[in-house]
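# Geometric and topological summary
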There are 2 protein chains.
Amino acid sequence: MSNDTNVKWHEHQVSREQRESLNGHRGCVIWFTGLSGSGKSTIANALDHKLFQNGIHSAVLDGDNVRHTLNAGPGMLKEAHGEQFAKRFGLGFSAIDREENIRRIGSVAQLFAEAGVIALTAFISPYRSDRERVRKSLRAGEFIEVFVDTPMEICESRDPKGLYKQARAGLIKGFTGIDDPYEAPESAEMTISAANKTPDELADEVIAYLEQQGICRRSSVLQSRTVNG
Amino acid sequence: MSNDTNVKWHEHQVSREQRESLNGHRGCVIWFTGLSGSGKSTIANALDHKLFQNGIHSAVLDGDNVRHTLNAGPGMLKEAHGEQFAKRFGLGFSAIDREENIRRIGSVAQLFAEAGVIALTAFISPYRSDRERVRKSLRAGEFIEVFVDTPMEICESRDPKGLYKQARAGLIKGFTGIDDPYEAPESAEMTISAANKTPDELADEVIAYLEQQGICRRSSVLQSRTVNG
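Attention in this report is confined to the structure presented alongside it.

Reading guide: rules and limits
What you see as residue numbers is a count from 1 along each chain, following the sequence as written. The order in which chains are written sets their letters, starting at A; the order in which ligands are written sets their numbers, starting at 1. For this predicted model, a pLDDT threshold of at least 70 governs which residues receive local features, and a threshold of 80 or more governs which side-chain atom pairs are given and counted, while totals over whole chains, interfaces and linings are taken from all residues. Hydrogen atoms and water are omitted, and side-chain values are computed over all heavy atoms in the structure. An axis is simply a line fitted to the C-alpha atoms; with a helix, the fit covers only the stretch in contact. Between two such axes, the angle follows the N-to-C directions and lies from 0 to 180 degrees. Helix and strand definitions here come from DSSP, where helices need a minimum of 4 consecutive H or I residues and strands a minimum of 2 consecutive E residues; each element is numbered from the N-terminal end. Roughly parallel means an angle under 35 degrees; roughly antiparallel, over 145; roughly perpendicular, 65 to 115; everything else is oblique. Left-handed describes a crossing whose near helix is turned anticlockwise from the far helix by less than a right angle; the clockwise case is right-handed. The contact definition used throughout considers only heavy atoms, calling two residues in contact when any of these lie within 4.5 Å. Here a pair means two rings of Phe, Tyr or Trp (six-membered ring of Trp) with centres within 6.5 Å. Their orientation is stacked below 30 degrees between planes, edge-to-face above 60, and tilted elsewhere. Each residue is placed in one exposure class: buried if its accessible area under a 1.4 Å probe, protein chains only, is under 20% of its type's maximum, exposed if it is over 50%, and partly exposed if it falls in between. The copies were overlaid by least squares, fitting only the C-alpha atoms of residues that reach a pLDDT of 70 or more in each copy. Buried area adds together the accessible area that both of two parts lose upon being put together, with accessible area traced by a 1.4 Å probe. Take a side-chain nitrogen of Lys or Arg and a carboxyl oxygen of Asp or Glu: if they are within 4 Å of each other, that pair is a salt bridge. Polar contacts here mean pairs of N or O atoms no more than 3.5 Å apart (in protein, one a potential hydrogen donor and the other a potential acceptor; neighbouring residues in sequence count only if both atoms are side-chain atoms). Classification used: nonpolar for Ala, Val, Leu, Ile, Met, Phe, Trp, Tyr, Cys and Pro, charged for Asp, Glu, Lys and Arg, polar for all others including Gly. One bridge is not enough; two strands pair if DSSP finds at least two bridges between them.

### Quick look at the packing of helix 6 (residues 95–114) of chain B against helix 7 (residues 128–137) of chain B
Two measures define how a pair of helices packs: the angle their axes make with one another and the distance between the axes. Residue and element names in this part refer to chain B. Between helix 6 and helix 7, the shortest axis-to-axis distance is 10 Å and the interhelical angle comes to 25°. Of the possible angle classes, the one that applies to helix 6 and helix 7 is roughly parallel. Where helix 6 crosses over helix 7, the handedness of that crossing is right-handed. Residues Arg98, Glu99, Ile102, Gly106 and Gln110 of helix 6 lie in contact with helix 7, whose contacting residues are Asp130, Arg133, Val134 and Ser137.

Written out as structure tokens, the structure reads:
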């Protein structure tokens, strides 16, 4: 049996560069940040759709797919893992829990980028320090911070989940923009506003930036589709 | 300004099916489990390489890319996040910390699968219940458990990181196979052994299974490459 252990075990990892070369585009993280209702998730999904149409590999991380799994709260973890576990690892809304929420999302976005995927994250992520930590975890040029600077009154008038109403009524505490600060980026790669543009238009603006940075290229297919409406 | 809020906001998410159709293969999780030194990570990387050569999108999650970021220990978190944070969220090696380690990896693998990627995870994951929870989080047929059943004496004789030696000397406590149990899968999709086959041969066996399940198809390119050596 001992001879069998001498079987040659080559390690052959696919390099980041090889993967990106095959894909025809680079991996990176596009980090949307902004108030609740500013349009982050809608724009990220519109962008994801356009990238998809061009054969570019992308993935959206937002509350819908993270809050129930990776960053589940104690209530969600309790049934499968028990009370002690849920208490220790479930994420709430305290300052350090929010910090951990963003830290985990940043780590996952990094894993996607390393796999050659364009990761689109859509979280309020109100604190500058949290976003800067994610930026530092990535290579230069691979963290693209997109500040969705939609005016607060528009976000509040939209209020897609009725959260502003609850926050104004004092039913939700620590709500960003109401009784918790939003720290606007000081040097975001892009600042966009959903006040008077559609998500499609905004997604096109982000793609133009990505092309300019050499991260990806739109295929001719989409360009003609865009021209035709 | 208020009129601007009436801009039509279409939600157009790319469906899992659309993405898989464009990719030409399905997303899933291939969960390698087995003793330290059994060959999980090497086989996963060999498989990743072969999938890559066929234009199939895959990503490896293993200790190398997870233990320093998503599942970092207290020591690694302390500098960037402070002591209180590191103590609360850093993962150690207690029973529930190990459970959380696997839970997070399962969540990330699920996100990759949902993005149409074949996620290859390579962790000892010694407890049946932890693996079963990940299985349940995925759709039927999307959790492919691969038991790397390399005999313990071979794992120990390889001991690539010198861990068995340390465990035998009592320098590492709770080491799987020495003083902590490994719960072998009862109904793994595949059982393989690295005792007398190369990682390439084992990777080919996994690909054959994936083809049989309709998850992906090898391009003719690789088939000829395989034939030629």
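There's plenty left to go through after this.
### Describing the packing of aromatic side chains
Tallied over the full model, the rule gives nine aromatic pairs over all chains. Ring centres 5.7 Å apart and planes at 20° place the aromatic pair Phe147(A) and Tyr182(A) in the stacked group. With Phe147(A) in strand 4 (residues 143–148) and Tyr182(A) in the loop between helix 9 (163–168) and strand 5 (190–192), this residue pair connects regions lying 35 residues apart in the sequence. Each member of the pair, Phe147(A) as well as Tyr182(A), carries the same accessibility label: buried. Ring geometry for Phe85(B) versus Phe89(B): centroids 5.1 Å apart, planes at 50°, classification tilted. Taken together, the residues span about one helical turn, with Phe85(B) and Phe89(B) both in helix 5 (residues 83–89) at a distance of four residues. Each member of the pair, Phe85(B) as well as Phe89(B), carries the same accessibility label: buried.

### Let's talk about the relation of the copies chain B and chain A
With an RMSD of 0.0 Å, chain B superimposes on chain A once it is rotated by 180° and translated 0.0 Å along the axis. The symmetry that links the two subunits is that of a two-fold axis.

### So, the interface of chain B and chain A
The interface of chain B with chain A comprises 68 residues on the first partner and 68 residues on the second. When chain B packs against chain A, close to 6,100 Å² is buried across both sides, 63% of that on carbon and sulfur atoms. Linking chain B to chain A there are six salt bridges. For Arg104(A), the salt bridge identified is with Glu100(B), shortest N-O distance 3.7 Å. Linking chain B with chain A are 22 residue pairs in polar contact (both at pLDDT 80 or more), by the criterion used here. Of the residues contributing to the side of chain B that touches chain A, the split by class is 27 nonpolar, 24 polar and 17 charged.

### A closer look at the pairing of strand 1 (residues 28–33) of chain A
Residue and element names in this part refer to chain A. The buried count for strand 1 comes to six of six residues, which makes it a mostly enclosed element. What you see with strand 1 is no split at all: Cys28, Ile30 and Phe32 on one side and Val29, Trp31 and Thr33 on the other are buried throughout. Bridge count for strand 1 against strand 4 is five bridges, and the pairing is parallel. Paired with Val29 across the bridge in strand 4 is Phe143.

### Section: the packing of helix 2 (residues 40–53) of chain A against helix 10 (residues 199–212) of chain A
Residues and elements named next belong to chain A. Taken N-terminus to C-terminus, the directions of helix 2 and helix 10 make an angle of 60°; their axes are 8 Å apart at the nearest point. By the angle between their axes, helix 2 is oblique relative to helix 10. Regarding helix 2 and helix 10, the two cross each other, and that crossing is right-handed. Contact with helix 2, carried on its side by Thr42, Ile43, Ala46, Leu47, Lys50 and Leu51, involves Pro199, Asp200, Leu202, Ala203, Asp204, Val206, Ile207 and Leu210 of helix 10 and no other residues of that element.

By themselves these figures say nothing about function.
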